[in-house]
Amino acid sequence: MEPRTDLGAVRRRRRRSAASARLWTWLMVPGTLWMTGFLIASLLLVATLAVGTTDALGNPRFGFNLDNITALADPAYRDVLIRSLGYALATCAICLVIAYPVAYAIALYGGRFKNLLIAAIVIPFFANYLVRMYGWSVVLSDDGPLLKVLRGLGLAGDGTHILQTGFGVIVGLVYGFIVFMIIPIYAALERMDVSLIEAGRDLYGGPLRTFFFVTLPATRQGAAAGIVLVFLPAMGDFVSAQLMGGPDQIMIGNLIQDKFFQGQNWPLGSALTMLMMAVLFLGMVGYLRRARKDEAEAAQ
């Protein structure tokens, strides 16, 4: 005979579960309202300042002036925006190439040391970002250990430089945000059915073909999330370009910082901020559309 179901106990469990869900919802409301209020207020302030002016002393004044918007068409600002996009995209590509083997090795071969290995990757990034970038500026300097080793091996000459170059800026960005690529890819690989890889080896033969035809499509949502998490901060970063770049490597974040602090031109800095946010918004829209399409395909 089948055991009788205690309907009363089932209803009580459902009521407790619903009450618990409502409790957590209400507990989230104050923090959500607080963060949303400050986010909206800051966006409105920046958008309002973007069409403002400055007085003779450089103090911002609210008004309606489109000069700051039209100034964004200046080729100098356009070049900085394109450079920032290029650095951010290059950072995403390099992080993707590095993160996949690391995440793959930990997820499939880490065994009982998985959590320890992930902790070993994440914990160093708890250190202050500025301190870490200073450390890299010392490592990559002309008298630093890296170039000394390369010169000793005959792979670099006396005139070789890493700092004050675009390559140096990208190295700093990759180190600064690589963890944001490793974690989503690792999570996607953890959820993946390992038997798919074994079946892929039977179908496609080599491990490289199996990766491109099986592993990569199965984990593309994790890779897409990692790309977004790396692209957004890399696009607005200014520390790496300031410490490891030169005047020819400044990014849009450096321009915004300069307009708000050294240049005392808050309206133009606000206009540049809105331009950067528009680029980031387009990237987020593209990611969300891709995610919805993947979910629809998975539901079919």
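Since the model is a prediction, treat every value here as computed from it, not as a measurement.

A. Structural detail: the overall build of the protein chain. Helix and strand counts for the protein chain stand at 14 helices and two strands. The C-alpha atoms of the protein chain give a radius of gyration of 25 Å, which is well past the 19 Å a tight globule of 300 residues would have. Counting only C-alpha atoms, the protein chain reaches 90 × 60 × 35 Å along its principal axes. Within the protein chain, the proportion of its 300 residues that are buried is 35%. The contacts of the protein chain with a sequence gap of at least 6 include a subset with a gap of at least 24, amounting to 67%. Carbon together with sulfur atoms contributes 68% to the accessible area of the protein chain, which is approximately 18,500 Å² in total. Counting 25 positive and 19 negative side-chain charges, the protein chain places the averaged centre of each group 14 Å from the other.

B. Seen up close, the state of the cysteines. Per the stated rule, a full pass over the model turns up zero disulfides. C95 provides the cysteine sulfur closest to C92, a residue in no disulfide bond, and the two sulfurs are 6.8 Å apart.

C. Structural detail: the packing of aromatic side chains. All chains considered together, the criterion is met by nine aromatic pairs. Ring centres of F211 and F212 lie 5.3 Å apart, and the angle between their planes is 80 degrees; this geometry places the pair in the edge-to-face category. When the centroid spacing of 5.7 Å and the interplanar angle of 50 degrees are considered together, the rings of F260 and W266 count as tilted. Members of the aromatic cluster, each reached through a chain of ring pairs, are Y100, F211 and F212.

D. Fine view of a positive patch on the surface. On the surface, a cluster of positive charge is made up of R11, R12, R13, R14, R15 and R16. Looking at where R12 falls in the secondary structure, it is placed in helix 1 (residues 7-50).

E. Seen up close, the side chain of S240. Locating S240 in the fold gives a position in helix 12 (residues 239-244). Setting aside its immediate chain neighbours within four residues, S240 contacts Y129, M133, V169, G172, L173 and G245.

F. Geometry of the nonpolar core. In this structure, L173, I185, L189 and M235 are the most contacted members of the largest nonpolar core, which totals 61 residues. In terms of residue count, helix 3 (residues 75-109) provides more of this core than any other element does, 13 residues in total. In this structure M235 touches L81, S84, L85, A88, M251, I252, M276, V279 and L280, once residues within four positions along its chain are discounted.

G. Here's a closer look at the pattern of salt bridges. Applying the stated criterion across every chain yields a total of three salt bridges. As a salt-bridge pair, E190 and K114 come within 2.8 Å of each other at their nearest N and O atoms. Linking E190 in helix 8 (residues 179-191) with K114 in helix 4 (residues 114-122), this pair joins segments that are 76 residues apart in sequence. Owing to a relative accessible area of 37%, E190 belongs among the partly exposed residues under this scheme.

H. Structural context of the packing of helix 3 against helix 8. Relative to each other, helix 3 and helix 8 sit at 40 degrees, their axes nearing to 8 Å. As far as their axial angle goes, helix 8 and helix 3 are oblique. The hand of the helix 3/helix 8 crossing is right-handed. Two secondary-structure elements touch here, helix 3 through C92, C95, L96, A99, Y100, V102, A103, Y104, I106 and A107 and helix 8 through M181, I182, I185, Y186, L189 and E190. Considering only residue class, the contact of helix 3 with helix 8 consists of 15 nonpolar, no polar and one charged.

Definitions and cut-offs
Residues numbered from 1 in each chain as written. Predicted model: local features only at pLDDT ≥ 70, side-chain atom pairs only at ≥ 80, totals over all residues. Heavy atoms only, no water. Helix = DSSP H or I, 4+ residues; strand = E, 2+ residues; numbered from the N terminus. Rg over C-alpha atoms; globule rule 2.2 N^0.38 Å. Buried < 20%, exposed > 50% of the residue type's maximum accessible area, 1.4 Å probe, protein only. Contact = heavy atoms within 4.5 Å. Areas by Shrake-Rupley, 256 points an atom, 1.4 Å probe, with all protein chains shown as cover. Lys, Arg positive; Asp, Glu negative; His and termini not counted. Charge placed at Lys NZ, Arg CZ, Asp CG, Glu CD. Disulfide = S-S within 2.5 Å. Phe/Tyr/Trp six-rings, centres within 6.5 Å; stacked < 30°, edge-to-face > 60°. Patch = residues over 30% accessible without salt bridge, like charges linked within 9 Å, V, L, I, M, F, W, Y side chains within 5 Å. Salt bridge = Lys/Arg side-chain N within 4 Å of Asp/Glu carboxyl O. Core = buried A, V, L, I, M, F, W, Y, C linked by side-chain atoms within 4.5 Å. Axes fitted to C-alpha atoms, helices over the stretch in contact; angles between N-to-C directions. Parallel < 35°, antiparallel > 145°, perpendicular 65-115°, else oblique. Left-handed = near helix turned anticlockwise from the far one by under 90°. Nonpolar A, V, L, I, M, F, W, Y, C, P; charged D, E, K, R; others polar.

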